[in-house]
Structures are given as structure tokens and as C-alpha cells.
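# Residue-level structural notes
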Amino acid sequence: MLFRSHSLVLANSKSIASNASVRSLVFLPNGQSFAGICDDKTLKIWNINNGNVEKEFVATSNALGTVAFSPNNQLFVLGGVDSEVRIYQAGDQKLVGSLKTNSGVRNIQFQKENVLAVAGEDGSLVLYSIPFTPGQQISPDFGKMIQGFEIGNQPAGFGFIRESKAIFVADA
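Calculation rules
Residues numbered from 1 in each chain as written. Predicted model: local features only at pLDDT ≥ 70, side-chain atom pairs only at ≥ 80, totals over all residues. Heavy atoms only, no water. Helix = DSSP H or I, 4+ residues; strand = E, 2+ residues; numbered from the N terminus. Contact = heavy atoms within 4.5 Å. Phe/Tyr/Trp six-rings, centres within 6.5 Å; stacked < 30°, edge-to-face > 60°. Buried < 20%, exposed > 50% of the residue type's maximum accessible area, 1.4 Å probe, protein only. Pairing = 2+ DSSP bridges. Axes fitted to C-alpha atoms, helices over the stretch in contact; angles between N-to-C directions.

Here the focus is the environment of Thr66. Topologically, Thr66 is positioned in strand E7 (residues 66–69). The spatial distance from the C-alpha of Thr66 to the C-alpha of Gly80 is 6.2 Å, given a sequence separation of 14 residues. Residues contacting Thr66, with those up to four places away along its chain left out, are Ser24, Ile37, Val77, Leu78, Gly79, Val105, Arg106, Asn107 and Ile108.

This is the structure:
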């Protein structure tokens, strides 16, 4: 758990209240919003400038723990302890597809627009292909594993240097 509070304070000293504890935070690619996974099974998206909730998504699973948004802001992905990663369209919040993993999901990130990286509680880091174009059929490659790594410990977090194709991992 990266962050847990009922109140968020932005750099401009504006305080944003939430009815439930915020478990995880991520900035959206548009640079104007951030999203938080809350203990009340919601994903809330706040506007950075005015602190208002722009969107709220109520999850069907109790297993929310981490969220990621695609670089083009068309998709968001939710993961947690139930070993399933769910991919949604950001605009209408419709489920696009899901991936079943071998263990609970500790962290998820887009490595690039159509490649999703999933860090598992079993010490794995797996890259999946998730090609998606709104209004078109889902590709047969959707959810296909590209590459897997055994880290050995539970990854607390990871990051990419896209230009050099390097992955950095922090242990729990």
C-alpha cells in the first residue's frame, strides 16, 4: 500500500477530501488529473486544478489495489489480490477484457501504448500484449504474454526507461 488517507493535499496546498481511504494514486497521461483507488471499491479521478471529482467508477471486485492508464488515455487497468487484471475503456468505462495472472497483482504499468506490465505477489513481472482500437474487434493477440521475468521477491514497484528498454524493480 503506497498511500492511505481520507485527505489528499496537492502541491498548491489545496486539500481534497475522500469518503474512503485512498489506497493507490497515479497521475493520468493528460497531466490535468489523477486517479485514486479507494477502500469503498471505487476509482475516483480528480481534477488537479480545482480538486473536483471528474469521474467515479464503482468496481465489481473487492480486490482493487492498483491502477494504470494507457499513454493515450484510452484505457485504464485495475488489478488486485484476486489475480485478475481488468482492462476498461476510459471514456465509457466498458470492460474491454481481462487477464488471469498466477498470483495477486502488486503493481501494473503500461510499458508502451499496447504493452502492459504486471508485477505479481509471486515475484513475477510479466509483459502482455493488449492491442486495442476503439470501435474495432479485439485482436486475437489481446492478453498474449510477451515476456516474463522471475524477480524472486514480491515487487513493491517497478519502472521503465523506454528509450533504453531497461526495467528497474524495487523489492517489498
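Moving on, we get to the packing of aromatic side chains. Each pair of aromatic rings is reported with the distance of its centres and the angle of its planes. For the structure shown, the criterion picks out 6 aromatic pairs. Each ring, one from Phe34 and one from Trp46, has its centre 5.3 Å from the other, and the planes form 25 degrees; the classification is stacked. Taken together, the residues span a long stretch of sequence, with Phe34 in strand E4 (residues 33–38) and Trp46 in strand E5 (residues 42–47) at a distance of 12 residues. Neither Phe34 nor Trp46 differs from the other in exposure class; each is buried. On the numbers, 5.1 Å between centres and 15 degrees between planes, the contact of Phe76 with Tyr88 is stacked. With Phe76 in strand E8 (residues 75–79) and Tyr88 in strand E9 (residues 84–89), the pair connects residues that are 12 residues apart, well separated along the chain. Take Phe76 and Tyr88: they sit in the same class, and that class is buried.

Let's shift gears to the sheet that holds strand E3 (residues 22–27). Sheet architecture is open: 4 strands sit in the order E3-E4-E5-E6, paired in antiparallel fashion. The two strands at the open ends of the sheet, each matched to only one other strand, are E3 and strand E6 (53–58). Here the average twist between neighbouring strands, direction ignored, is 20 degrees. The sheet contact formed by E4 and E5 spans 6 bridges and is antiparallel.

Before going further, it helps to spend a moment on the pairing of E9. The pairing of E8 with E9 spans 4 bridges and is classified as antiparallel. Within E9, the residue paired with Leu78 across the bridge is Arg86. In sequence, E8 turns back onto E9 through a hairpin of 4 residues, with Ser83 there showing a positive phi of about 70 degrees. Here 5 bridges tie E9 to strand E10 (residues 95–100), and the two strands are oriented antiparallel to one another. Note that in E10 the partner of Arg86 across the bridge is Ser98. Where E9 folds back onto E10 in an antiparallel hairpin, the turn is made up of 5 residues, including Gln93, whose phi is positive at roughly 60 degrees.

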